[in-house]
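Analysis of the macromolecular model
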Amino acid sequence: QVQLVESGGGLVQAGGSLRLSCAASLRTFSSITLGWFRQAPGKEREFVATITWNSVNTYYADSVKGRFTISRNNAKKAVFLQMNTVKPEDTAVYYCASVKYYMSADHWECDYWGQGTQVTVSS
């Protein structure tokens, strides 16, 4: 059984901060690339950030670069997304996932997904 559970979503005012967490039951957690993705109503799911198994490499979508930070704790099998200076455009359901491969913000594929957590940014 593979399970990824996101938490930390909610309503936040523009300019504020939020920290999302994802707890995973993946047996191979410590050796896989993880990522955060989001999807707004009526829009396709988009890449937000990804982090390699040893946290050496991180990549971000241009829209969140400088504002969001992805991190992980392999001992706790958790991945986080620190969201600072949030904007109304950040409103979406955020998902954590195991990344099968990542080449660019618009060329990636995942195998396992969490259920998602809603983030709503008010103006």
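From a predicted model like this one, the values you see are computed outputs, not experimental measurements.

Read from one edge to the other, the open sheet built from 4 strands follows the order E1-E3-E8-E7, with strand pairing classed as antiparallel. For this open sheet the edge positions go to strand E1 (4-7) and strand E7 (68-73), each flanked by a neighbour on one side alone. Strand after strand, the sheet turns through a mean of 15 degrees between neighbouring axes, direction not considered. As defined by bridge partners, E1 adjoins strand E3 (residues 18-24) across 4 bridges and the pair is classed as antiparallel. Bridge pairing in E3 places Glu6 opposite Cys22.

Here the focus is the environment of Thr117. Tracing the backbone through its elements, the reader meets Thr117 in strand E11 (residues 117-122). Linking Thr117 and Lys76, residues 41 residues apart in sequence, is a C-alpha distance of 20 Å. Not counting residues within four places of it along the chain, the set of residues in contact with Thr117 comprises Glu6, Ser7, Gly8, Gly9, Leu20, Ala92, Val93 and Tyr94. In this structure the side chain of Thr117 is engaged in a polar contact, spanning 3.2 Å, whose partner is the backbone nitrogen of Gly9.

This part takes up the pairing of strand E8 (residues 78-83). Most of E8 is tucked away: 5 of the 6 residues are buried. Bridge count between E3 and E8: 6 bridges; the pairing is antiparallel. Along E8, the bridge assignment pairs Leu18 with Met83. Across 6 bridges, E7 lies against E8 in antiparallel orientation. From the neighbouring strand, Ser71 faces E8, where its bridge partner is Phe80.

The rules behind each value
Residues numbered from 1 in each chain as written. Predicted model: local features only at pLDDT ≥ 70, side-chain atom pairs only at ≥ 80, totals over all residues. Heavy atoms only, no water. Pairing = 2+ DSSP bridges. Helix = DSSP H or I, 4+ residues; strand = E, 2+ residues; numbered from the N terminus. Axes fitted to C-alpha atoms, helices over the stretch in contact; angles between N-to-C directions. Contact = heavy atoms within 4.5 Å. Polar contact = N/O pair within 3.5 Å; in protein donor to acceptor, adjacent residues only side chain to side chain. Buried < 20%, exposed > 50% of the residue type's maximum accessible area, 1.4 Å probe, protein only.

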